[in-house]
Amino acid sequence: AKELKDKFAVDFENLVRQLNAEEEEKRKNGDACALCGCEKLLFEPPVFYCNGMTCPSKRIRRNSYYYVGGNNQYHWCHQCYGELKENQNIEMADMTLTKAKLNKKKNNEVPEESWVQCDKCQRWIHQICGLFNTRQNKDQRSEYTCPKCTITDRKKANKTEGSSTTPMAEDLPRTKLSEHLEKHVRVKMKEKLSNLSKERSASENIPIEEAEKLVAMGGQITIRQVTSMDRKLDVRERMKNRYSYKNYPSEFTFRCKCIIVFQNLDGVDVILFGLYVYEHDEKNPAPNQRAVYVSYLDSVHYMRPRQMRTYIYHEILIAYLDYVRCKGFATAHIWACPPLKGDDYILYAKPEDQKTPKDDRLRLWYIEMLIECQKRGIVGTLTNMYDLYFANEKNDATVVPYMDGDYFPAEVENIIKDLEEGKNSKKALAAGKKKERKDKQEEKIW
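Since we're looking at a predicted model, the values are computed, not measured. (Residues numbered from 1 in each chain as written. Predicted model: local features only at pLDDT ≥ 70, side-chain atom pairs only at ≥ 80, totals over all residues. Heavy atoms only, no water.)

## Some thoughts on helix α8 (residues 359-375)
Every α-helix carries 3.6 residues per turn, so stepping three or four residues along brings you back to the same face. Counted only if it meets this: Per the convention used, a helix needs a DSSP run of H or I reaching at least four residues, while a strand needs a run of E reaching at least two, with both numbered from the N terminus. Expected span of a helix: the number of residues minus one, times 1.5 Å. Only protein chains enter the accessibility calculation, which uses a 1.4 Å probe; a residue whose area is less than 20% of its type maximum is buried, one above 50% is exposed, and one in between is partly exposed. Taking the helix axis as origin, the arc is that swept by the directions to the C-beta atoms.
Given a rise of 1.5 Å per residue, 17 residues ought to cover 24 Å, and the 25 Å separating the end C-alpha atoms of α8 matches this to within 8%. For α8, the complete set of buried residues consists of L362, W365, Y366, M369, L370 and C373. Take α8 and look down its axis: the buried residues cluster within an arc of 125°, on one side only. In α8, the exposed positions angled more than 90 degrees off the buried face are occupied by D360 and K375. Note on α8: the residue one or two positions beyond its end, G377, has a positive phi of about 80°.

Set out below in C-alpha cells:
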C-alpha cells in the first residue's frame, strides 16, 4: 500500500507539472488567457420570453426559431408570429411595430467573453480577468497594460501601494438606511468573529491572535441603498369591480428600495447580495397601510469566509425590520418561495455549485431570522397568510394586502373569474388546495 501511495504521489506530481507546462505554453502562444489559463469563457445563454398573445411571458425554447423587433427588446415565438396579421400595427409599451419589421433568428447563440491585448507584453487576456471596461474604450484607442506588466513596472519603480482612482463601493452615495444597516452589520460581525476566534483558540489550543487570523473576513463588507423610487400598483379589473361596493382602492402607492451588499475580494468590490423591499406608508388605504413587503432577495456564495453568509444576511434583514419599525411601519410580509430551476430573482446565472434551497428549507431560514427578531424585541407576532386571513370564513379578499409582484393579485383574479363563470370543478378545488399551500408560505410579522 505504501508503494502504491508513493507511486501515486510521484505520478500525480508529474501530471500536474505536465499540465502546468501545457497551460503556460498556451498562454505564451496566445491560445489561452494569460491570467486564468482558460481558452473560451462562455456565458449562460440569454433567456427570451414571448410577447405574443397566445403564450405571453413564456420562454422561447433553445434551438427553436423566433422573431425579434425593437432593437432586440421584443420577441415572438414561431406560433405567435404566425398569428400576427400582416398589415396590423403591433402596439408595445414604447413603440409600434409591424410584422414585416420583425427579424427571424434561431435561439442557439452562446455568448463568449471578449478579449483584450496588453500593449506591453502583447499577450491576450479575457476582459473580465483583466478588469477591462470596454464601455470606456468606445474609440478603440485606449492603452491597456495587463496586471502582470503593471506589477512588474511597480516593482521596478519601487511602488507597492495601489494608485487606482476607480470609484469603489465605498464611494457610492450613502443614505440613512444604508448607514444604519452597515453600522449594525459591522458591529455584529465584530462580535461574531471575536466569539469564533475564542472558540477556535480554546478548541485547537492556539494563541488568540492566530485564531483571529484564521476566522477573519476575506474583505470589508459595504452596504448601499442603490434604488429609492415611488411606484404605483393598479388594482386589477375583476378585484376592483367585485369589491367596488366596499370602496376598494383602485391603486396603491409604495416606495421601492434596493439594497446591495459588496465585499472587497482581492481588491475588487463584488456584489454578493441584493434585497428589494416595497414600503407602503400611512397614507396608503387598508389593507396596505403601514405595511412592508420583502419582495426579492438573492445572493451568490462568494463571501469569504463562506460560513458567515447566513449570519450576515440574517443581520441585514433584522436591522432592516428594526429600521422600518422605528419609522412607524406596523407589519411586514415575506414571500418565502425559492426560484424555479433556471430562474433567478436578481443575480443572473449563479455558480453551478451553488444550490437552491427547497421550500421548507427557505421558510425555515426566514423563521430562524424572525425568531431572533422576537428575542430582540423587534418582532411581536409571527404568523402566515392562511392562519391570519383565510382560516376565518368571515373574511374576504379585501383584508389581504395587495402587493406588487406577490402571488395573491394574480391568483385572486383567477378565483373571481371562476366564480363569475360558475366554475366549481375538481380542477378548481385542486387549485384551491394548491393556493392554501402557497398561502402558508408567506410569513406575516408585526
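Still more to cover.
## A short note on the nonpolar core
For clarity, the threshold we go by: In this text, buried Ala, Val, Leu, Ile, Met, Phe, Trp, Tyr and Cys residues form a nonpolar core when linked through side-chain atoms within 4.5 Å. In what follows, a contact means two residues having at least one pair of non-hydrogen atoms within 4.5 Å.
Ranked by internal contacts, the top residues of the largest apolar core, which has 43 residues, are I312, Y320, Y366 and M369. Going through the elements one at a time, α4 (176-204), β8 (221-234), β9 (251-265), β10 (268-280), β11 (291-299), α7 (309-326), β12 (331-335) and α8 are the ones with two or more residues in this core. In terms of residue count, the dominant contributor to this core is α7 (10 residues). The residues touching Y366, leaving out its near neighbours within four places in the chain, are L297, L317, I334 and A336.

## A short note on the packing of α4 against α7
Going by this rule: Here the axes come from fitting lines to C-alpha atoms, over the contacting stretch only for helices, and the angles between their N-to-C directions go from 0 to 180 degrees. Orientation labels follow simple angle bins: below 35 degrees gives roughly parallel, above 145 gives roughly antiparallel, 65 to 115 gives roughly perpendicular, and whatever is left gives oblique. For a crossing to be left-handed, the near helix must be turned anticlockwise from the far one by less than a right angle; the clockwise case is right-handed. Three categories are distinguished: nonpolar for Ala, Val, Leu, Ile, Met, Phe, Trp, Tyr, Cys and Pro, charged for Asp, Glu, Lys and Arg, and polar for the others, with Gly belonging to the last.
The geometry of α4 relative to α7 is characterised by a closest axis approach of 9 Å and an angle of 135° between their N-to-C directions. On the basis of the axis angle, α4 is oblique to α7. Along this stretch, α4 crosses α7, giving a crossing that reads as right-handed. Here α4 contributes K176, L177, H180, L181, H184, V185, K188, M189 and K192 to the contact with α7, which in turn contributes Y311, I312, E315, I316, A319, Y320, D322 and Y323. Split into classes, the residues belonging to the contact of α4 with α7 amount to 10 nonpolar, 2 polar and 5 charged.

## Overview of the packing of α4 against helix α5 (residues 208-215)
In contact at an axis separation of 8 Å, α4 and α5 are set at 125° when each is read in the N-to-C sense. Here α4 lies oblique to α5, going by the angle between them. Note on packing geometry: the crossing formed by α4 with α5 is right-handed. Counting all contacts with α4, which are made through L193, L196, S197, K198, R200, S201 and E204, the residues of α5 involved are I208, A211, E212, L214 and V215. Residue composition of the contact of α4 with α5, grouped by class: 6 nonpolar, 2 polar and 4 charged.

## A short note on the pattern of salt bridges
Heads up, the rule is: For salt bridges, the criterion is a side-chain nitrogen of Lys or Arg within 4 Å of an Asp or Glu carboxyl oxygen.
The tally for this structure, following the rule as stated, stands at 26 salt bridges. Put simply, D11 and K7 hold a salt bridge, and the shortest N to O gap is 2.9 Å. Taken together, the positions of D11 and K7, both in helix α1 (residues 2-29) and 4 residues apart, correspond to about one turn of that helix. Residues joined in a network through salt bridges with shared partners are E170, R174, E179, E182, R186 and R224.

## Considerations on the sheet that holds strand β1 (residues 65-69)
Where we set the bar: Should DSSP find at least two bridges between two strands, the strands are regarded as paired.
Taken together, 3 strands build an open sheet; the order of strands is β2-β1-β5 and the sheet is antiparallel. At either margin of the open sheet sits one strand with a lone partner, and together these are β2 (74-77) and β5 (103-106). Ignoring strand direction, the axes of neighbouring strands in this sheet form an average angle of 35°. Pairing of β1 with β5 involves 4 bridges; the strand directions are antiparallel. By the bridge assignment for β5, Y65 is matched with K106.

## Digging into the packing of aromatic side chains
As a reminder of what qualifies: By convention, a stacked pair of Phe, Tyr or Trp rings (six-membered ring in the case of Trp) has centres within 6.5 Å and planes under 30 degrees apart, an edge-to-face pair has planes over 60 apart, and any other such pair is tilted.
Tallying each qualifying case throughout the model produces 14 aromatic pairs. An angle of 45° between the planes, with centres 4.9 Å apart, marks the rings of F254 and Y278 as tilted. With F254 in strand β9 and Y278 in strand β10, this pair connects stretches of sequence that are 24 residues apart. Both residues of the pair, F254 and Y278, count as buried.

## Considering the pairing of β9
Across the 15 residues of β9, 11 count as buried, placing the element largely inside the fold. In terms of strand pairing, β8 meets β9 through 13 bridges, oriented antiparallel. Across the sheet, T227 pairs through a bridge with C258, a residue of β9. Linking two consecutive strands that pair antiparallel, namely β9 and β10, is a turn of 2 residues; a positive phi of about 55° is found at D266 within it.

## Let's talk about the side chain of K99
Mapping K99 onto the fold places it in the loop between β4 (96-97) and β5. For K99, a relative accessible area of 8% gives the class buried. The residues contacting K99, other than those within four sequence positions of it, are Y81, G82, L84, K85, E86 and I90.

## Quick look at the side chain of S299
Test applied: As used in this structure description, the phrase polar contact means that two N or O atoms lie within 3.5 Å; if the pair is within protein, one of them must be able to donate a hydrogen and the other to accept it, and residues adjacent in sequence are counted only when both atoms belong to side chains.
You can see S299 is positioned in strand β11. Judged by relative accessible area, which is 11%, S299 ranks as buried. In this structure the side chain of S299 is engaged in a polar contact, spanning 2.9 Å, whose partner is the side chain of R309. Among residues more than four places away in sequence, those in contact with S299 are L272, F273, R309, Y313, L347, K350 and Q354.

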